Every structure is written in C-alpha cells, then in structure tokens.
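# Tertiary structure, described
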Amino acid sequence: MSFIYICRRKPPIMSENGTITMKDIARELGVSVATVSRALQDSPRISPEQRERIQRYAREHNFFPNALAGSLRRSRQEPVRIIGVIIPQIAHYYFSTILSGIEEEASLRGYRILVAQSDERYEREVRICQSFLAHRVCGVIVSQAKDTTSYGHFQQLQDAGLPLVFYDRICTGLNTNRVVVDDYHGAFTAVKHLIETGCRRIAFYGSSMRLEISKNRYNGYRDALLEAGLQPNESLFLECDSYEAAEMMTPALLEREDRPDAIFAVNDDTAIGILNVAKRMGLHVPEDLSICGFTNGALAMACEPKLTTIEQRGSRVGKEAVDILVDHVEGIIPADRVERRVVKTRLIVRGTTKMP
C-alpha cells in the first residue's frame, strides 16, 4: 500500500541519507521491520490497531514503500510493467515525437506507460512524482520543467528504488541516466552554415541559461563564431524560446541600425515567430535576414519560405530512454551504473537560409 502525504504532525526520525525507511519506522514505534512491512501491505497477521498505528505514522512522515520491490515480492513471475512519463508540454512537437518513441518501444518491450504533463510548473511536477509512487510505476522517464531548481522529488523516486531516465532537459543536481541530442554539435553546425552563406552578425535566441540544453547550444553558437574569427556580441543574445516571445521581442532587434543578418533560434516555434515578424516588417528572407531553427517539426515545412533547421530525432530519444529504463528494471544494467546516451543531429537546409 502506498500513501500520499497529507500533513506532518512531528519531525520524522530519519536515516543518515535524509529519507525515512521502514527501519526508521520500526525503531520509532518499537516494532520489527517485518511488522512494519506487513502492516503497510495490510497483512491480516497484524492486528487492526497495530496496522492503523503504523500506517498513520507512514502517512504523517511521507513514507512511500519501494513500489517495485513490493511488486516483485508479490509476484515473481509478473513485476509491475508500467513506466511513468513526465512531459513538459504534450502539444509541443518535439515532446510529442519523444512520447511516440517511448510508447512504441515500451510496447515492444512489454510495458505500458502512464503519461503526465508538468505544463512547465515545478509544483505540478512534484505532485506527479508523488502520484507515480502511489501508482507503483516501475520507473520514470522525465524532462524537467523550465522552472525546476530543487530536485527533492526526483531524489525521492531514487530513494524508493525507482530507475530514473532524463531526456532533453536533464537534472544536473543528480547523477542519473540521461538521453540527449547532440545540442552543441547541432548549434555549431547551424551557425557554421550561416557563416558559410556570408552572414556575419548572427543573433542567438535561447532558453534560460539555467538549462543544460541552452548552455550547450549557446556554446556551439559561440564556438562557431570564434572559429570563423567573429566575436560573440552579448547584445545579440536574447532569452527567447517561444513563438509568442519572438513576436514580442524581434521587432526591436530588427529596427536597430546594426540589426543582425541572421538569427539562430533554439527551436522551430521561435524561428517561425521571427520569420513572421521579419516578413511583416518588409524584410526579405533569406536575402535580408537568414533564419535557422532547431527541431525539424511539421511547422518547418508549413511556413514560407520553408525553414532551415536542425533535426533532433525525438522518436529515437524516446526509444533510447525506454531501453535504458527497462534494462535497469530487468537487471540487464546494474542499479549502480549510470547510462548516458547522445542522439546525433543533422542540418536540414531549406529556404530561410542562403546557399553557400
């Protein structure tokens, strides 16, 4: 049985690693660990009064039994085969392709998925993790929300014995499995292409520099400039990673006397926002302004001119994440080994950039 935390009446007696265990509960209540385990499983071998006493203490101190271990004890033949998946935004093309890859590979491996959307909110992400514990998932695949800076909820999953695999936005605060695209190389290739087509004042639209993907893409952008003998200009770096933000911020940049002759955007939605603003302002793309995105989603082919972009291969990211998680669950990968995989990107040249 799992419990969702409701209130805390007194400080818990915790182990040295900061998490409460069945051993801690047993010591505090003066019973054996076996008694605690049986009470949490509603065993009839424990009196109703004792079960209620132990279960109440577990609730008050936010204790979640190891869901996978409990499942394996109950059925050696059929462990839990449900994978929890946290998506920042399901409507986002890249995340939807990752989800498609996750579902396809999970099905092939004999697993189902339980999907939840964080909507880029830390508080919602925390609640989802608690719900996954309550639903006894066997592991979690997650891309963290943009505003997540505290990782206790992820640590709680690890402490419960659940394998974690991060994709796209990784958690740098924990030593965990991860699957990412080659953000640095993708950005470097994109900016090198812009330089080879004659661009010299190249702006970068990126996400918050707290995110590892934004740091890696900025570093690729900067190093491509430096390799070509061009100095990065801080005034050409904008924290802007959505269509709406690009619509708001781009006019001021393009009205400058020293406006850029190219913009590299952290994703396709932002790049298309830039494209629409440039066209409304009477600029010709790519003659007056070259634009390159990063995703290669469906919208990249729907705009005019079609968008030059970096292909991320989201489906492959999802499949790799499932392979790592299931291999951990089934013991193919040892529990103490951290897997890190990188999915290669490639440049797709279309109409928003000039030919070299």
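From a predicted model like this one, the values you see are computed outputs, not experimental measurements. (Residues numbered from 1 in each chain as written. Predicted model: local features only at pLDDT ≥ 70, side-chain atom pairs only at ≥ 80, totals over all residues. Heavy atoms only, no water.)

What follows is about the overall build of the protein. In terms of helices and strands, the protein carries 13 helices and 12 strands. Split into buried and exposed, the 356 residues of the protein put 54% on the buried side. The contacts of the protein with a sequence gap of at least 6 include a subset with a gap of at least 24, amounting to 72%. Element-wise, carbon and sulfur atoms account for 49% of the exposed surface of the protein, whose accessible area totals about 16,000 Å². (Helix = DSSP H or I, 4+ residues; strand = E, 2+ residues; numbered from the N terminus. Buried < 20%, exposed > 50% of the residue type's maximum accessible area, 1.4 Å probe, protein only. Contact = heavy atoms within 4.5 Å. Areas by Shrake-Rupley, 256 points an atom, 1.4 Å probe, with all protein chains shown as cover.)

As a further point, take the pairing of strand β2 (residues 112-117). Bridge count between strand β1 (residues 82-87) and β2: 6 bridges; the pairing is parallel. Looking across to β2, one finds that valine 85 is bridged to valine 115. Note that the unit made of β1, helix α5 (residues 93-108) and β2 has a crossover that is right-handed. (Pairing = 2+ DSSP bridges. Right-handed = clockwise from strand over helix to strand, strands pointing away.)

Here helix α8 (residues 183-196) crosses helix α9 (residues 212-227) at 35°, and the two axes come no closer than 7 Å. Pair α8 / α9 crosses with right-handed handedness. Contacts between α8 and α9 involve Asp183, Tyr184, Ala187, Phe188, Val191, Lys192 and Ile195 on the former and, on the latter, Ile213, Asn216, Arg217, Asn219, Gly220, Tyr221, Asp223, Ala224, Leu225 and Glu227. Of the residues assigned to the contact of α8 with α9, the class counts are 9 nonpolar, 3 polar and 5 charged. (Axes fitted to C-alpha atoms, helices over the stretch in contact; angles between N-to-C directions. Left-handed = near helix turned anticlockwise from the far one by under 90°. Nonpolar A, V, L, I, M, F, W, Y, C, P; charged D, E, K, R; others polar.)

Right, let's get into the layout of surface pockets. To find leftover empty space, one rolls a probe the size of a water molecule over the atoms. Roughly 300 Å³ of volume is contained in the second largest pocket. As for the second largest pocket, its lining consists of 22 residues, of which His92, Lys146, Arg169, Asp241 and Asn267 are closest to the centre. At the level of elements, α5, α9 and α10 (243-254) are the ones that each hand at least two residues to the lining of the second largest pocket. Of the residues assigned to the lining of the second largest pocket, the class counts are 7 nonpolar, 7 polar and 8 charged. (1 Å grid on protein atoms, 1.4 Å probe; cavity = no way out; pocket = protein on both sides within 12 Å on 5 of 7 lines; lining within 4 Å. Points joined across faces, edges and corners; volume = space filled by probe spheres on them.)

Two side chains bearing opposite charge may form a pair once their charged atoms approach each other closely. According to the stated counting rule, one finds 21 salt bridges in the structure shown. In this structure, arginine 109 and glutamate 330 form a salt bridge, with 3.7 Å as the shortest nitrogen-oxygen distance. Of this pair, arginine 109 sits in the loop between α5 and β2 while glutamate 330 sits in the loop between α13 (314-329) and β11 (340-343); the two residues are 221 residues apart in sequence, bridging distant segments of the chain. Take arginine 109: its relative accessible area is 23%, and that puts it in the partly exposed class. For glutamate 330, a relative accessible area of 38% translates into the label partly exposed. Across the pair aspartate 258 and arginine 256 runs a salt bridge, and its minimum N-O distance is 3.1 Å. The class of aspartate 258 is partly exposed, set by a relative accessible area of 36%. Given the relative accessible area of 24%, arginine 256 is considered partly exposed. Taken together, the shared-partner salt bridges in this structure form one network comprising Arg81, Arg109, Asp323, Asp327 and Glu330. (Salt bridge = Lys/Arg side-chain N within 4 Å of Asp/Glu carboxyl O.)

In this section: the nonpolar core. Counting 68 residues, the largest nonpolar core has Ile83, Ile141, Ile202, Tyr205, Tyr221 and Phe264 as its most contacted members. Looking at which element gives the most residues to this core, the answer is α13, with 7 residues. With residues near it in sequence (within four places) discarded, isoleucine 83 still touches Ala106, Tyr111, Arg112, Ile113, Leu114, Val137, Cys138, Gly139, Ile141, Val322, Leu325 and Val326. Within the second largest apolar cluster, 19 residues are counted, among which are Ile128, Leu133, Val140 and Phe154. (Core = buried A, V, L, I, M, F, W, Y, C linked by side-chain atoms within 4.5 Å.)

We now examine the pairing of strand β3 (residues 139-142). Of the two faces of β3, the one lined by Gly139 and Ile141 and the one lined by Val140 and Val142 are each fully buried. Regarding topology, helix α7 (residues 152-159) serves as the crossover connection from β3 to the parallel strand β4 (residues 164-167), and that connection is right-handed.

The full count for this structure, using the stated rule, is 11 aromatic pairs. Each ring, one from phenylalanine 204 and one from phenylalanine 237, has its centre 5.5 Å from the other, and the planes form 10°; the classification is stacked. Here phenylalanine 204, found in strand β6 (residues 202-206), pairs with phenylalanine 237, found in strand β7 (residues 237-239); they are 33 residues apart in sequence, far enough to count as distant. Residue classification places phenylalanine 204 among the buried residues on the basis of a relative accessible area of 0%. (Phe/Tyr/Trp six-rings, centres within 6.5 Å; stacked < 30°, edge-to-face > 60°.)

So, about the confidence of the model for the protein. The predicted coordinates ought not to be read in detail in places where the model reports low pLDDT. Mean pLDDT over the protein stands at 88; residues scoring 70 or higher make up 90%. Across residues 1-18 the pLDDT falls below 50, and counting only partners more than four positions away or on other chains, this stretch makes 46 contacts in the model. A low-confidence stretch, residues 72-78 (pLDDT under 50), is modelled with 5 contacts involving residues beyond four sequence positions or located in other chains. (pLDDT = per-residue confidence, 0-100.)

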